[in-house]
Every structure is written in structure tokens, then in C-alpha cells.
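Below are the chains, spelled out letter by letter.
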Amino acid sequence: MHDTLHWTLADWRAAYASGTKPKDLISSLLKHFPDADPAWINRIDNKQLTLRCLALEQQAATNGKEALPLYGIPIAVKDNIDVAGLITTCACPEFAYLPEDSATVVKQLEAAGAVIVGKTNLDQFATGLVGTRSPYGVVPNTFDARFISGGSSSGSASVVARGLVPLALGTDTAGSGRVPAGHNNLVGFKPTRGHVSNHGLVPACRTLDCITVFSLTVEDAELAMSVMGGFDVNDPYSRHAPARAPGLPTNPVLGVPADPQWFGDTAAQALYNATLQRLETEGVQIKPLDFTPLFQVAALLYEGPWVAERYAAIEALLDEKPNAVHPVVRCIIEKALGKTAVDAFNGEYRRMELARVAESLIAGVDGLLVPTAPTIYPINEVLADPVTLNSRMGVYTNFVNLLDWSAIALPAGVREGGDKAGLPFGITVIMPAWQENRLIEFGKRWQKSLRWPLGNSKKPIPRVQVSTPPKLDGQVLVAVVGAHLSGMPLNYQLIERGAFLVEKTTTSTDYQLYALANTQPPKPGLLRGATGAGSGAAIEVEVWAMPVERFGSFVALIPAPLGIGTLSLADGSQVKGFICEPAGLHDAVDITTDGGWRNYLTRASAVHA
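Residues numbered from 1 in each chain as written. Predicted model: local features only at pLDDT ≥ 70, side-chain atom pairs only at ≥ 80, totals over all residues. Heavy atoms only, no water.

Visitor: Just checking my understanding: could you explain helix H1 (residues 9-17) for this structure?
Guide: Along an α-helix, residues three or four apart share an orientation, since each turn contains 3.6 residues. By the burial criterion, the buried members of H1 are Leu9, Trp12, Ala15 and Tyr16. For H1, the arc enclosing every buried residue in end-on projection is 125°, short of the 170-degree limit, so these residues lie on one face. Looking at the packing, one finds that the buried side of H1 touches helix H2 (22-30), strand S2 (74-78), strand S4 (167-172) and helix H7 (218-228). Gly19 sits one or two residues past H1 and shows a positive phi near 105°. (Buried < 20%, exposed > 50% of the residue type's maximum accessible area, 1.4 Å probe, protein only. Helix = DSSP H or I, 4+ residues; strand = E, 2+ residues; numbered from the N terminus. Arc of directions from axis to C-beta. Contact = heavy atoms within 4.5 Å.)

Laid out in C-alpha cells, this is it:
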């Protein structure tokens, strides 16, 4: 029997490569799950597991395992995100319903081969940063059960930290996808608002909510996010991602709070100071900043009109069955009853005024580096003072979504001495919207430096090849045009071979692009015109650098009629890249006028919406 606890995605893939079947491996995993575990609200049963694994094997037989980057990976889902066949409760039994359809992000994960194994506990209606506000039980910290796990995504963080699953979905409105990561020695990745579809999510604050991922390593978070991201016409707040941000400088400048708040947690303060010293020795420039305008933004979240969004999300329940709502949650949300439409507009005006100041603040650095949470408290103390102690968890998280920024929470050591000895501490790096690639790059550098243990285990993080500033010696430049683009289904084939993005550009103007028929996942074919420049169009491509020794294994995955040839780029240079045999264009659709695969997919989804 395999011991799957604290496996990373690489461990799972290696097991499947040896011939193990998903049902056998996941059935073995489920035997590790305790019968009574407050981290779970609902779990997959054997019948559901069998059906899902049979469907997965059919997927693999039809499309090939190489088209399933998450083949057989067990994933947990926070119980405010719909999974067809599993009840959604939001940690409120009276609110519970059985969804007929899964959330978009769940569909994306399952299309990539993932197996959803259960729904996890949370602070009711995702209102809280402590993990104590649920009728399904308090979720304890995975290092010391006397202390809080953090919330609201308490259950998701718990099951990843204990190694029960390698990935779990959370949500983040005020820090719910970051604080539990900091308290449980995890990576917590919070993308830009609208980067991941919220269709099928029960909202907390619809204009601010983000679906997030918890993982043991940065690489695993990166791969999950590459599957989860993308525009969704079914989500009115979904957004098209702009061009990828440039890479992180060799010696980035990070802004830090000039006078951090610790609430007496000297052990956390010592770890933060040690983090700054380590980073400085590695070339990072630390720049103290006045965080006052950020704290003023944060105050708007609960003291301003945004609390009315939380009321709007569960208005019918509060009107008909107010006692069904957890008393602390109800007390917080009912503050909305004193707010008016005028308050809402005035709050938005104030937010925008402060956002201008905040933008100037972050524009002078490459990102902000803060404690994920300044301290941590025992469960009994939080239950005795639920609002004050909860608010302290969000000091460095509450402002991020209001300012439309992105963030990654990372482990940063374990406390020594005092009553909190042995509890993990985390840092968070914050950057403006759409800088996910830079956050991942920083996370990989920090992971290589610290090599934290996996979750609450003693198992050290695997050594990985980290892409620091691009060096092209020993690399092959490969232009990709379709399913291998950033965020597309096969992009993982580049990432797992240590490839990194060099640039986004176009071909010369003599190429045609076709949508091929009957390909899974859908793929385009690129063909060079026979009559020279000007006979086609400039087609958008991404140029990736891949280690020479891994290029052969990449080419071996490419199915007919596609292949690798030599492409001419807009600047006249030539690189290896995807081409299509003319014989493969039977029944293909000419999409040259779209100028690229992303544009075609956007147009096609709009037509079918």
C-alpha cells in the first residue's frame, strides 16, 4: 500500500507513471482520513469515487494522460463552491442545497483529471479569519490543536497541511486564502480578482471574492492556477488577463511596513526580522514604507458599506431564519442594516481616493512583503473575544482585494520559545493586479532558499530547479501558439520541464492559423504561406526557453498532424515552434483573422454564450 501522506503533485504523477490506477491510490488515501474530522463537511463515498475514476480512465483513454495535467490528483473544495453531487452548506445546515452543476473552476480541475474527494469546513458564509465559526466544529491548528487554524478556509488548509490532499480550493475576500496558509505552513495563492471564475461560488462580497489554492509547494500552486485561470462568460466579474508581466528583477525592491504590529508576539517578530535579513543577504532591497493608507483601506471592509454585500449574499436566510446564522457572523453582517446607498457611494469614493495613494506607494517597489498574520491565538481566547482577535488576523490582508492586488502566502519558519513555540509563521508578498507570474517567481526563489518542511510533516521540500533570471545557455527557444500558451491546458508540459517564458510576440506576416477538427484539448494548426511575407498575418505566439536535455521528451508528446519546425518571428529571428502538416487541415476552420488562439477562443465563447 502506498503511503500518500504529504505527497506533492510530482509524487502522485510518479505513482501513476508506474501503472497504479487512480481508484486504487485514492482508496488507499481515504483510509488515512479520520472518521471524525471537523475539517470536512462532506466527503466522497465509494460509489462516487468509483464512477469518477472510471470516467477519468475514459478521459485518459480518449485524450491521453499527457492532456490531463492533474490526472488522478485528489483535491478538496471549500464548501462554498459547488460540486455536483455534493451538498453545498457554507457551514450553515439551514442554507444547504444540492447543486445540479459544478462551479466553473471545479469543471476545469476535473477536465484536467482531478478527483474531488470532499467539501471542507469554513467560517460560516466565509465570514471570519479564525476557523471557529461553524456548527460543524472548530478546525484546530495542524501543529497545535489548542490554537486556531485561521479562516475562513480552515478545512482546506487543514487537509493540505496534514498531507491528506496535495491541493485544496479556498476563497479569499479579506485574507481567507492567506491567513490559514500562514498558520499551517502552506503556500496560499490569491490571484487577481476575476482571474479565476467565481461562477458556482456562493459569494461573501461578490465584487471582492477570489477563489484561491492551498498547496505544499509553489510549483504545485502554479500548476493548479494554470488550470484554474481564464475568462468565463458565465461570471460577470471575470476578466481577460493582459499580457504577462515582465519577470522579477534579480535584486527586487520590496516595501515593508515601517512599524509592524505584533500584538506582543515576539517570536513572530523574530522570524520576520530573520526573513528580512536572509532576503537582504540574497540581494533583495528592503524599503520601509508608511502603511497608513493601506490600513485606512482595510477599515472600509467591515466599518464601511462593503458589509452590505455580505448581507445581500444571504438576505433571504437572514430575513426568514436569522437564528440559523452563527451569532458572531450574524452580528457582523447585520451591521449592513444601518448602511444606505449614499454610504455605498461615499465608501467607493473614499476607496478610490485611498487607492490613488496606495498605487503611488506600491509603484516605488516591486512588491510588498508583510507578515501573513501578525500573531496567532488559542481557540478558547478567540471564542471569548471573537471580533477583536479575529480583526488582528486581517491587519495585512484586508486591504488587498479592495485595491485589486494579487498575493502569495509562503512559509517562513516555526516559532521558538514562549507559549506559541512550535507554531508556524508565514510571510505574504503582494503585487499589483496580473502579476501572478512575478509572485510565483519570488515564491520559487524563497522556497529554494528556505526549503520548508511539507505541511505539518518533517518531510523536507524536494529540491527543484528554480528559474531565476533567464539564462539561455543550454536552452532551446520554442514558440507555442495554442494549447501550450500560459494558462492553457497543456502549458504544464512546459512548466514541468523547467521551461520559462522569454517573451510574447508574433510570427512574421506570412502565417495562417486554423482551428483543427476533433482534437482534445482543442488545438490550432499553424501553416506558413507559400507566397512569402504578407500572404497571411502575424500570429500571436509565446517563446519559451527549455533545457536542451528535456526538449526531446517534449517533442515526443506532440500528436500528428502537429510537429516542430522553424518559425520566423516578427523581428526576423527564427526559433523552433509548432507547425502543422497541410494534410491535417481537412475540416479545419481558418481563424487567421483572429490573430491568435486566445482571440479565437474568446470570440468562439462569446458566440456560444
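Once the structure has been displayed, the description carries forward.
Visitor: In this structure, what is going on with the sheet that holds strand S3 (residues 115-120)? I would like to understand it.
Guide: Where strands meet in a sheet, backbone hydrogen bonds hold them as pairs that are either parallel or antiparallel. Strands sit in the order S1-S3-S2-S4-S6-S5-S10-S11-S9-S7-S8 across an open sheet of eleven strands; the sheet is mixed. Bordering the open sheet on either side are strand S1 (40-43) and strand S8 (285-289), each of which pairs with just one other strand. On average, each strand axis in the sheet is tilted by 25° relative to the strand beside it, whichever way the strands run. In the sheet, S2 pairs with S3 via five bridges, with the strands oriented parallel. Paired with Lys78 across the two strands is Thr120, which belongs to S3. (Pairing = 2+ DSSP bridges. Axes fitted to C-alpha atoms, helices over the stretch in contact; angles between N-to-C directions.)

Visitor: Sorry if this is basic, but what is going on with the packing of H1 against H2 here?
Guide: Helix packing for two helices is described by the angle between their axes and how far apart those axes are. One way to put it is that H1 packs onto H2 with a least axis distance of 10 Å and a crossing angle of 135°. When the axes of H1 and H2 are compared, the pair comes out oblique. The two elements H1 and H2 meet at a crossing, and its hand is right-handed. When H1 is examined against H2, the residues Trp12, Ala15 and Tyr16 are found in contact with a partner set consisting of Pro22, Leu25, Ile26 and Leu29. Within the contact of H1 with H2, the residues separate by chemical class into seven nonpolar, no polar and no charged. (Parallel < 35°, antiparallel > 145°, perpendicular 65-115°, else oblique. Left-handed = near helix turned anticlockwise from the far one by under 90°. Nonpolar A, V, L, I, M, F, W, Y, C, P; charged D, E, K, R; others polar.)

Visitor: Please explain the pattern of salt bridges as it appears in this structure.
Guide: For the coordinates displayed, the defined rule picks out 22 salt bridges. Between Asp101 and Lys107 there is a salt bridge whose closest N-O contact spans 2.8 Å. Accessibility expressed as a relative area gives 42% for Asp101, which makes it partly exposed. The salt bridge partner of Lys504 is Glu542, with a shortest N-O separation of 3.9 Å. Taken together, the positions of Lys504 in strand S13 (residues 500-506) and Glu542 in strand S16 (residues 540-547) put the pair 38 residues apart, joining distant regions of the chain. Since its relative accessible area comes to 35%, Lys504 is described here as partly exposed. For Glu542, a relative accessible area of 2% puts it in the buried group. Because the salt bridges share partners, they merge into one network encompassing Arg13, Glu496 and Arg497. (Salt bridge = Lys/Arg side-chain N within 4 Å of Asp/Glu carboxyl O.)

Visitor: Explain the nonpolar core here, please?
Guide: Note that soluble globular proteins tend to have their nonpolar side chains buried in a common cluster. Core analysis: the biggest nonpolar cluster contains 93 residues, and Leu70, Ile81, Val105, Leu109, Val159, Met228 and Leu410 have the highest contact counts within it. Ranked by residue count, the leading element in this core is H7, at seven residues. Discounting chain neighbours no more than four positions away, the residues touching Met228 are Val105, Gln108, Leu109, Leu169, Val196, Ile211, Thr212 and Val213. Counting residues in hydrophobic clusters, the runner-up holds 38 residues, among them Ala479, Leu513, Ala515 and Phe551. (Core = buried A, V, L, I, M, F, W, Y, C linked by side-chain atoms within 4.5 Å.)

Visitor: Looking at this structure, I do not really get the environment of Thr88. What am I missing?
Guide: Its place among the elements puts Thr88 in the loop between S2 and helix H4 (104-111). Expressed as a C-alpha distance, the spacing of Thr88 and Val202, which sit 114 residues apart in the sequence, is 8.9 Å. Thr88 has contacts with Asp79, Asn80, Ile81, Asp82, Ala96, Tyr97, Pro99, Lys119 and Val202, leaving out every residue within four places of it along the chain.

Everything listed here is a matter of geometry and, on its own, says nothing about what the molecule does.
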